[in-house]
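Residue strings, one per chain:
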Amino acid sequence: MVNISTAGIQPGGLSASEGNKVSSGKAASDKAQTTQAPAGVGAVADEVVISTLAGRLSTAATATSAAIEGYDHRSLGAWVNDNISSILYPLDAGHKAAAAQQLPQPNDAASARSAAAATAFIDNKGPNPFAGLSREQLATITHDDSGTFTVNERRAAYTQAYDEEQAWRSQVVAQAMQEYNTTGKMTNFFKSALAHFNALPQLEQAQYPENYASGLQDKIKLDFNYFNHAAGDGAPTPGSLADMQRNQGAKQGADLFELLSR
């Protein structure tokens, strides 16, 4: 059985009943300060100036770095989880009204449009304004508790990262099952999981067990064959699935679960 860890994703973080689909950058040059972002880059879409978002991201990242200075893995993970809990407020009328009144910093026209776009997304009246940002940028917004980004902006950024993570997991699970069914191994799956983990922002990595990467490295090195119940290309061990199938002889079409129950 393939067990895909859900570490790093808050269980039930954004349910369907909440009405939302659970689905630090810098301008390249001084000229970018007056350049509109391309469509599809959400809060940086059409009407929001790139340099404004870049400045807010830089401010938020600096504040977060100061806040978590000296934290070990456990402390950082707890801090991250507390942040997520604080932005996943109940989507009733009172909480939504209070969140919508929060002002971004700086409260200029571009930042105000970003905050308004996030509120519209929370109300199911518009797309996620942060679609197209990197996971690092999404994490910076999500975990900003300095007031630079509003709670609705943070929630929208979290939702975008959540949706991207779920999409990746669905894809990698399908690939893992194909690998298992054809080779009896999960080695390529573990390699994909490790590469994905290493590419995540530090704040997302903090939600995984401290030995998560080393555990995957051990599994990759072992290169275990679950059919043969042996490492690498070792012969089937007694009692392994491959051994039982071999000993079935003329019995054709043996049920997999019947074999596993013996």
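Described in the following lines is the structure provided in the data block. Predicted, not measured: the structure shown is a model, and the values here were computed from it.

## Comments concerning the nonpolar core
Line of reasoning, step 1. Leu-76, Val-80, Phe-130 and Ile-141 are the most contacted members of the largest nonpolar core, which totals 29 residues.
Line of reasoning, step 2. Contributing elements (two or more residues each) for this core: helix H1 (50-67), helix H2 (73-87), helix H4 (109-122), helix H5 (135-142) and helix H6 (151-183).
Line of reasoning, step 3. The biggest single contributor to this core is H6, with 6 residues.
Line of reasoning, step 4. Apart from residues lying up to four places away in sequence, Ile-141 is in contact with Leu-57, Phe-130, Leu-133, Phe-149, Glu-153, Arg-154 and Ala-157.
Line of reasoning, step 5. One finds Leu-194, Phe-197, Tyr-208 and Ile-220 within the second-largest nonpolar core, a separate group that totals 14 residues.

## Here's the deal with the environment of Asn-83
Line of reasoning, step 1. Topologically, Asn-83 is positioned in helix H2.
Line of reasoning, step 2. The exposure class assigned to Asn-83 is buried, which follows from its relative accessible area of 6%.
Line of reasoning, step 3. For the pair formed by Asn-83 and Arg-154, sequence separation is 71 residues and the distance between their alpha carbons is 9.6 Å.

## Observations concerning H2
Line of reasoning, step 1. In a regular helix each residue adds 1.5 Å, so 15 residues correspond to 21 Å; H2 covers 22 Å between its end C-alpha atoms and thus fits that length.
Line of reasoning, step 2. All of the buried residues along H2 are Leu-76, Gly-77, Trp-79, Val-80, Asn-83, Ile-84 and Ile-87. The buried residues of H2 occupy one face: seen down the axis, they fall within an arc of 160°. Opposite the buried face of H2, at more than 90 degrees from it, the exposed residues are Arg-74, Asp-82 and Ser-85.

Cut-offs and rules
Residues numbered from 1 in each chain as written. Predicted model: local features only at pLDDT ≥ 70, side-chain atom pairs only at ≥ 80, totals over all residues. Heavy atoms only, no water. Core = buried A, V, L, I, M, F, W, Y, C linked by side-chain atoms within 4.5 Å. Buried < 20%, exposed > 50% of the residue type's maximum accessible area, 1.4 Å probe, protein only. Helix = DSSP H or I, 4+ residues; strand = E, 2+ residues; numbered from the N terminus. Contact = heavy atoms within 4.5 Å. Expected span 1.5 Å × (residues − 1). Arc of directions from axis to C-beta.

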